[in-house]
Amino acid sequence: MQTVSALPRILQVAIPSPLPQTFDYRLPAGHSAAQVAPGMRVRIPFGRSEKIGIVVALADESRIDHARLKPVLELLDQEPLLSPAIQSLAQWASRYYHYPIGEVLSATLPTLLRQGEPARVTGEKVWSLNEAGGAIDPATLKRAPRQRALLTLLQKSQKALSAHELDLQFGNWRAIMRHLLDKGWVEIQQQTTLLTTATESSSAPPLNAAQHAACNAIHHALGRFQTLLLDGVTGSGKTEVYFSAVEKVLQEGKQALILVPEIGLTPQLLKRFQARFAVPIALLHSALNDRARLNSWLQARAGDAPIIIGTRSAVFTPIKNLGIILIDEEHDLSFKQQEGFRYHARDVAIRRAQQAAIPVVLGSATPSLESLHNARQGRFQHIILPERAGNAAHPQIRLLDLRQQKLNEGFSTAMLQAIQHHLDNGQQVLLFLNRRGYAPTLICHDCGWLAHCQRCDAHLILHKSRRLLRCHHCDSQRRIDSQCPDCGSVDLRPLGQGTERAAEALGERFPDHEIIRIDRDSTRRKGSLQALLKQVEEGRGQILLGTQMLAKGHHLPNVTLVGILDADQGLFGLDFRASERMGQLIIQVAGRAGRGESRGEVLIQTHHPEHPLLNGIIAHDYSRFASELLTERSQALLPPFRHIALLRAEASSRELPNEFLSAAREAGVQLPNAAELLGPIPAAMERRAGRYRAQLLIQADQRARLHNFLRQWLPQLSQLPLAKKVRWSIDVDAMEFS
Ligand code: ADP
Ligand code: ZN
Ligand code: ZN
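Predicted, not measured: the structure shown is a model, and the values here were computed from it. (Residues numbered from 1 in each chain as written. Chains lettered and ligands numbered in written order. Predicted model: local features only at pLDDT ≥ 70, side-chain atom pairs only at ≥ 80, totals over all residues. Heavy atoms only, no water.)

**So, helix 19 (residues 622-635)**
Item 1. End to end, helix 19 covers 20 Å across 14 residues, agreeing with the expected 20 Å (1.5 Å per residue, within 8%).
Item 2. Along helix 19, the residues that are buried comprise Tyr622, Phe625, Ala626, Leu629, Leu630 and Arg633. Along the long axis of helix 19, the arc covered by the buried residues comes to 135 degrees, so they all point the same way.
Item 3. With its phi angle positive at about 55 degrees, leucine 637 sits one or two positions after the end of helix 19. (Helix = DSSP H or I, 4+ residues; strand = E, 2+ residues; numbered from the N terminus. Expected span 1.5 Å × (residues − 1). Buried < 20%, exposed > 50% of the residue type's maximum accessible area, 1.4 Å probe, protein only. Arc of directions from axis to C-beta.)

Structure (structure tokens):
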């Protein structure tokens, strides 16, 4: 007979695995249920290996015979790592995105915790000069300029520097640091807190009327759930509004979570937050090392960091006393995870705010159509900042009609003249071309052969400086052909224009001006984007040329001319969101012009000067542009008027994905109250990295209906005979159809 105990004996554990359910385990010998609570990590035997799981509940009974249950191997925490709020947020996300709870919970944890490390703030190595090093005159290092530069950096710095900070400020510093260490000038310490404090401070400018109204609306919403859409043109002073909201929250002894799209944005925004608030700020983004990230996470959780700034996954950070969530550039696509656990951080944040009964502010100059629609429906409170703050005026925007114009390496005469003019005035110029590499491909002038990727339905991109042809989809690469593989001709020419080629042309045309190229190739090294942006800020580079990396929130006060070299790229995309994206991108880039004293000018090169999209943009009227797009979407029954999910499948043969999706469709249409199923159709790029891809679109007029359908349908799909022969996934609220 079994002894009956008052305490539950079964632990239900979520384990990262493709299986949707939790798994039952027994308590380890010598432990009582009083030592365990949901949100703690346990080490458990799983199949033939061991895994780390998270306890989601305790129970008296298991469906599995007690004798067959395995005991937990080890309890890893003394207290729950994940607060009840985060646990229930994860449960919601697991249901909403139809993704296994074990995977979702694991995704909320920093890597080191996922690997079983103790949840303790531990030291991070920091480097500083000792007394001897501080006394050295850098001039004595004449023959070792890199050592001199690093010594100077350390002498100027008021505090010891972490590896991350050194990465940002000094490329390849480790080898040089070793020399300084050998000379006995440097000491290494373990620093247990990496919270940043301000070195310079700034105070609030007097706010204008629109900013005041915005601040009031947010202050008014504190302490209850409300989503506010802060819809303010670029340069309208949204950041000042964030500051005011954060100040108020901190005064109440609460914490603020700020989500930003990408790491490129963080340094400037972080600097501004640091300058305004003399409080510890926890940073959470993927460029941090695992240790630093764990420390930030723990400090947010313990309530030691009043301000938390992070990218997408930071939305799941446990925060002791959360008072507000701010999402900067809410329209940005990087908030949506595109693989694995395909969540949208903005939508998760809204859910989180609702659970916590706090406001969430979505800021953007170009709000997503989803958010605008929600605002128009009254679900979000719409706050508008219609004018640029301070003295800065709107830039003047003009279209340059390229039809029948002679182009010089992609530049019209008018564009070149304008560049010259602004440079002559001592201003900086920003040129936008959303295509990296030298040219989109290589063509044979004799037979028309084009360089094609062997594994994808895509052209190979020509990277001239690295002498490579490279596929941007599967990363395969090869040396540039010297002869046409079809006809043997040696007359192979670059076709079209990328940033590398544009930079080369600009170098020839403006030899006396420094050109800075910013794209993923030129910023591959850690910290190089920051270094380049710093040069621009200091006024060193006069011509700044780059891809969409440049569109993101950077404040470049000396840029007076923005040139968009090819606006036609996005006008006729396959994806129904292509025009929304292109409009947002152009407006964001244009917003970099004239943010300082002088008025800005924006020139847009196009072959389609009558296009309504472009004309909405020159009228500075994103709202009108967005209204037109919303009307189109409503007529075409597309999001945000419909709720969608995308079932994707891929395999090494062309037929399998299609057959799997057809079978899935057949299973679906038989269900009661089925959602609409459209397809299957091949993906826009059918073959990628050697695999064929197809998709089935699931649509419903109501969200609940979509989810009810998915709940019944998805479990059936894993039973389909073809399910094991293809790789398939479901993407709820899919953002990209490529
Ligand atoms: P946004 O985030 O909306 O693009 P920012 O917050 O970066 O705008 O503000 C743009 C510039 O205007 C910044 O240099 C900021 O310091 C300045 N600014 C903001 N609000 C005011 C104000 N009320 N008066 C004067 N300058 C302001
Ligand atoms: Zn040829
Ligand atoms: Zn490829």
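**A word on the layout of surface pockets**
Item 1. In this structure, the second largest pocket encloses a volume near 940 Å³.
Item 2. Pro18, Pro20, His98, Pro100 and Trp728 are the residues nearest the centre of the second largest pocket, which is lined by 27 residues in total.
Item 3. Of all the elements in the fold, those that place two or more residues in the lining of the second largest pocket are helix 1 (84-96), helix 2 (101-108), helix 21 (703-719) and strand 32 (727-732).
Item 4. The biggest single contributor to the lining of the second largest pocket is helix 21, with six residues.
Item 5. Taken together, the residues of the lining of the second largest pocket sort by class into 14 nonpolar, eight polar and five charged. (1 Å grid on protein atoms, 1.4 Å probe; cavity = no way out; pocket = protein on both sides within 12 Å on 5 of 7 lines; lining within 4 Å. Points joined across faces, edges and corners; volume = space filled by probe spheres on them. Nonpolar A, V, L, I, M, F, W, Y, C, P; charged D, E, K, R; others polar.)

**Considerations on the packing of aromatic side chains**
Item 1. Within this structure, the stated rule accounts for 17 aromatic pairs.
Item 2. Considering the side-chain rings of phenylalanine 316 and tyrosine 343, the 5.2 Å spacing of their centres and the 75 degrees angle between planes classify their relative orientation as edge-to-face. Here tyrosine 343 lies in the loop between strand 13 (322-328) and helix 12 (345-356) and phenylalanine 316 lies in the loop between strand 12 (307-310) and strand 13, a separation of 27 residues in the sequence. An identical accessibility class is assigned to phenylalanine 316 and tyrosine 343; each is buried.
Item 3. Taking 5.8 Å as the distance between ring centres and 35 degrees as the angle between the ring planes, the aromatic pair formed by phenylalanine 660 and tryptophan 728 counts as tilted. With a gap of 68 residues between them, phenylalanine 660 in helix 20 (residues 655-669) and tryptophan 728 in strand 32 connect regions that are remote in the sequence.
Item 4. Taking the relative accessible area as the measure of exposure, tryptophan 728 reaches 27% and is therefore partly exposed.
Item 5. In this structure an aromatic cluster arises from ring pairing among Trp92, Tyr96, Tyr97, Tyr99, Phe316, Phe341 and Tyr343. (Phe/Tyr/Trp six-rings, centres within 6.5 Å; stacked < 30°, edge-to-face > 60°.)

**Digging into the sheet that holds strand 23 (residues 477-479)**
Item 1. Spatially, 21-22-23 is the arrangement adopted by the three strands of the open sheet, whose pairing is antiparallel. Each edge of the sheet is formed by a strand with only one pairing partner; in this case those strands are strand 21 (461-463) and strand 23. Mean inter-strand twist for the sheet, computed between neighbouring axes without regard to direction, equals 30 degrees.
Item 2. Relative to strand 22 (residues 468-470), strand 21 runs antiparallel, the two sharing three bridges. When the bridges of strand 22 are listed, histidine 463 appears paired with leucine 468. (Pairing = 2+ DSSP bridges. Axes fitted to C-alpha atoms, helices over the stretch in contact; angles between N-to-C directions.)

**Here's the deal with the domain arrangement of the protein chain**
Item 1. One can read the domain layout of the protein chain as domain 1 (10-115), domain 2 (123-192), domain 3 (209-385), domain 4 (396-436 + 497-635), domain 5 (438-493) and domain 6 (643-732).
Item 2. Here domain 5 and domain 6 have C-alpha centroids that lie 35 Å from each other.
Item 3. Across the domain 5 to domain 6 interface the summed buried area is about 570 Å²; carbon plus sulfur atoms make up 46%.
Item 4. Together, Arg455, Asp457 and His473 form the three largest contributors to the area buried by domain 5 at its contact with domain 6, with a combined 76%. (Domains from an automatic or database assignment. Buried area = accessible area lost by both parts, 1.4 Å probe.)

**Considering the coordination of the zinc ion (ligand 2)**
Item 1. All of the protein donors around the zinc ion (ligand 2) are Cys444 (SG), Cys447 (SG), Cys484 (SG) and Cys487 (SG); their distances to the metal are 2.3 to 2.4 Å.
Item 2. Coordination geometry of the zinc ion (ligand 2): the four donor atoms subtend angles of 104 to 112 degrees at the metal centre, consistent with an arrangement described as tetrahedral.
Item 3. Donor residues for the zinc ion (ligand 2), ordered by position in the chain, follow C-x2-C-x36-C-x2-C. (Donors = N, O, S within 2.8 Å, 3.2 Å for Na, K, Ca; no water. Tetrahedral: all angles 85-135°; square planar, octahedral: opposite > 155°, others 65-115°.)

**Looking at the nonpolar core**
Item 1. Residues Leu647, Ile698 and Trp713 are the most contacted members of the largest nonpolar core, which totals 114 residues.
Item 2. Those residues in contact with tryptophan 713, other than ones at most four positions away along the chain, are Leu647, Ala664, Arg665, Ala667, Gly668, Leu671, Leu677, Leu696 and Ile698. (Core = buried A, V, L, I, M, F, W, Y, C linked by side-chain atoms within 4.5 Å. Contact = heavy atoms within 4.5 Å.)

**Some points on the pattern of salt bridges**
Item 1. Going through the model one piece at a time under the given rule, you end up with 31 salt bridges.
Item 2. With a shortest N-O distance of 2.8 Å, aspartate 77 and arginine 41 are connected by a salt bridge. Residue aspartate 77 is found in the loop between strand 5 (74-75) and helix 1, and its partner arginine 41 is found in strand 3 (residues 41-46); the two are separated by 36 residues along the sequence.
Item 3. Look at aspartate 77 and you get buried, because its relative accessible area is 8%.
Item 4. Arginine 41 gets classed as buried once you look at its relative accessible area, which sits at 1%.
Item 5. Of the charged contacts, one joins lysine 336 and aspartate 731 as a salt bridge, the two residues approaching to 2.6 Å between their closest N and O atoms. In this pair, lysine 336 is assigned in the loop between strand 13 and helix 12 and aspartate 731 in strand 32, connecting sequence segments 395 residues apart. Exposure class is identical for lysine 336 and aspartate 731. Each is buried.
Item 6. Put simply, Glu330, Arg346 and Asp347 are held in one network by salt bridges that share partners. (Salt bridge = Lys/Arg side-chain N within 4 Å of Asp/Glu carboxyl O.)

**Description of the sheet that holds strand 5**
Item 1. Pairing within the open sheet is antiparallel, and its five strands lie in the order 2-1-4-3-5. Of all the strands in the sheet, just strand 2 (23-26) and strand 5 have a single pairing partner and so form its edges.
Item 2. Of the strand pairs in this sheet, strand 1 (residues 10-14) and strand 2 are connected by four bridges, and their pairing is antiparallel. Counted as the bridge partner of glutamine 12 is aspartate 24 from strand 2.

**Some words on the coordination of the zinc ion (ligand 3)**
Each pair of donors in an ideal octahedron of six around a metal sits at 90 or 180 degrees, and each pair in an ideal tetrahedron of four sits at 109.5 degrees.
Item 1. Within the protein, the atoms that donate to the zinc ion (ligand 3) are Cys453 (SG), Cys456 (SG), Cys471 (SG) and Cys474 (SG), at distances of 2.2 to 2.3 Å.
Item 2. For the zinc ion (ligand 3), the donor residues sit on a single chain with the sequence spacing C-x2-C-x14-C-x2-C. Grouping residues by exposure puts cysteine 453 and cysteine 456 together as buried.

**Let's talk about the site of ligand 1**
Item 1. Taken together, 18 residues form the shell around ligand 1, and within it Pro206, Gln211, Gly235, Lys238 and Arg272 come nearest.
Item 2. Separating a nitrogen atom of ligand 1 from a side-chain N or O atom of glutamine 211 is a distance of 2.8 Å.
Item 3. Measuring from an oxygen atom of ligand 1, one finds a side-chain N or O atom of lysine 238 at 2.9 Å.
Item 4. Contact with the protein chains hides 78% of the accessible area of ligand 1, taken as 560 Å² for the molecule alone.
Item 5. Tallied by class, the residues present in the shell around ligand 1 amount to five nonpolar, nine polar and four charged. (Near = heavy atom within 4 Å. Polar contact = N/O pair within 3.5 Å; in protein donor to acceptor, adjacent residues only side chain to side chain. Areas by Shrake-Rupley, 256 points an atom, 1.4 Å probe, with all protein chains shown as cover.)

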